[in-house]
Amino acid sequence: MVKLAKGVVLHQRRKPFKHGLKFTNYMWFVDLKEPQNKLLPKDHFGGEAPSMLAAITSFVTSRGETIEASDKLYAIASARTNGYVFNPLSVYWCLKESGEVRWAILEIHNTYGDRHAHLLYPDQKGNSTIDKEFYVSPFFTIDGEYKRSEEHTSELQSHSYISYAVFCLKKK
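Cut-offs and rules
Residues numbered from 1 in each chain as written. Predicted model: local features only at pLDDT ≥ 70, side-chain atom pairs only at ≥ 80, totals over all residues. Heavy atoms only, no water. Salt bridge = Lys/Arg side-chain N within 4 Å of Asp/Glu carboxyl O. Buried < 20%, exposed > 50% of the residue type's maximum accessible area, 1.4 Å probe, protein only. Core = buried A, V, L, I, M, F, W, Y, C linked by side-chain atoms within 4.5 Å. Helix = DSSP H or I, 4+ residues; strand = E, 2+ residues; numbered from the N terminus. Polar contact = N/O pair within 3.5 Å; in protein donor to acceptor, adjacent residues only side chain to side chain. Contact = heavy atoms within 4.5 Å. Phe/Tyr/Trp six-rings, centres within 6.5 Å; stacked < 30°, edge-to-face > 60°. Lys NZ or Arg CZ within 6 Å of the ring centre and 35° of its normal. Pairing = 2+ DSSP bridges. pLDDT = per-residue confidence, 0-100.

A.B. asks: Can you walk me through the pattern of salt bridges in this structure?
C.D. replies: Charged atoms that come close allow side chains of opposite charge to pair. Throughout the structure, instances matching the rule amount to four salt bridges. The salt bridge partner of K96 is E100, with a shortest N-O separation of 3.7 Å. Note on K96: relative accessible area 33%, which makes it partly exposed. Residue class for E100 comes out partly exposed when judged on its relative accessible area of 46%. Here the salt bridges do not stand alone but share partners, grouping E65, D71 and R102 into one network.

A.B. asks: Got a minute to help me understand the nonpolar core in this structure?
C.D. replies: One broad rule of soluble globular proteins: the nonpolar side chains tend to lie buried together. One finds L32, F45, I56, Y92, W103 and I105 to be the most contacted residues of the largest nonpolar core, which totals 18 residues. Those elements that place two or more of their residues in this core are helix 1 (52-61), strand 3 (72-77), strand 4 (89-95), strand 5 (101-109) and strand 6 (115-120). Among the elements that take part in this core, helix 1 stands out by supplying five residues, more than any other. Counting residues in hydrophobic clusters, the runner-up holds 12 residues, among them I76, L95, V101 and L106.

A.B. asks: What is the right way to read the side chain of H109 from this model?
C.D. replies: Looking at the element boundaries, H109 is found in strand 5. In terms of polar contacts, H109 uses its side chain to reach the side chain of E107, at 3.5 Å. When sequence neighbours within four positions are dropped, the list of residues in contact with H109 reads D43, H44, N87, P88, D114 and R115.

A.B. asks: Teacher, can you tell me more about the packing of aromatic side chains here?
C.D. replies: Think of a pair of aromatic rings as described by two things: how far the centres are apart, and how the planes are tilted against each other in angle. What the rule picks out here adds up to four aromatic pairs. Ring centres of F29 and Y74 lie 5.4 Å apart, and the angle between their planes is 15°; on these two criteria the pair is classed as stacked. Remark: Y74 occurs in strand 3 and F29 occurs in strand 2 (residues 19-31); sequence separation between them is 45 residues. Take F29 and Y74: they sit in the same class, and that class is buried. Through a chain of ring-to-ring contacts, three or more aromatic side chains come together here, namely F29, Y74 and W93. Of note, K38 hangs over the ring of W28, and the distance from its end group to the ring centre comes to 4.5 Å.

A.B. asks: Help me understand the environment of R63, please; the structure alone is not making it clear to me.
C.D. replies: Checked against the element boundaries, R63 lands in the loop between helix 1 and strand 3. Residues R63 and L119, spaced 56 residues apart in sequence, show a C-alpha to C-alpha distance of 8.0 Å.

A.B. asks: Mind showing me how you'd approach the pairing of strand 6 here?
C.D. replies: Remark: a regular strand shows side chains that alternate across the two faces of the sheet. Pairing geometry for strand 5 and strand 6, over six bridges, is antiparallel. Bridge assignment links A104 to a residue of strand 6, and that residue is L120.

A.B. asks: Would you mind showing me how to read the environment of K38 here?
C.D. replies: Its location among the elements puts K38 in the loop between strand 2 and helix 1. Residue K38 is classed as partly exposed on the basis of its relative accessible area of 30%. In this structure, the C-alpha to C-alpha distance between K38 and T81, residues 43 residues apart in sequence, is 9.8 Å. Beyond its immediate stretch of four places on either side in the chain, K38 contacts V2, W28, A79 and R80.

A.B. asks: Teacher, can you tell me more about the confidence of the model for the protein here?
C.D. replies: As a general rule, the predicted coordinates of low-pLDDT regions are not to be interpreted in detail. Of the residues in the protein, 73% reach a pLDDT of 70 or more, and the chain-wide mean stands at 76. Per-element confidence in the protein is highest for helix 1, whose mean pLDDT is 95, and lowest for strand 9 (residues 163-169), whose mean pLDDT is 45. Confidence drops under pLDDT 50 across residues 151-172; counting only partners more than four residues distant or on other chains, this segment forms 61 contacts.

Have a look at this one:
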């Protein structure tokens, strides 16, 4: 299953001056256990794996996690266009057969070509918080955290609705 997902990117800055933008964005939503050619392994997790499934398996195994045969694996990310990819955030989900999220991965890319991935264990409401670990924007320091909020997680399995938000907040 490969599906083009339409979303909205919102950005607001409150200090040192108020500024914001909003634009429509399209990303690919894919089932990583099925053959697909939209997301290339060279654009994710260091680019060394032969497939996206192998890249994710290697990443989660290195952190003591597994992928069960009955698990569903989904990703939403930007694909390469005209030989170039701009993919600030890729999100991966591992769902149990029941539709419950076992874990999720946020793979964050910065404007300098650096990548960093976080393995997350959302609470029952689909929320989690992790500290920022590398420089993302020329406008912000490394201090901060990502607050992840997810709604309608069980509906990922039916592909009928995806609502996902990641917030980067500066620590006080």
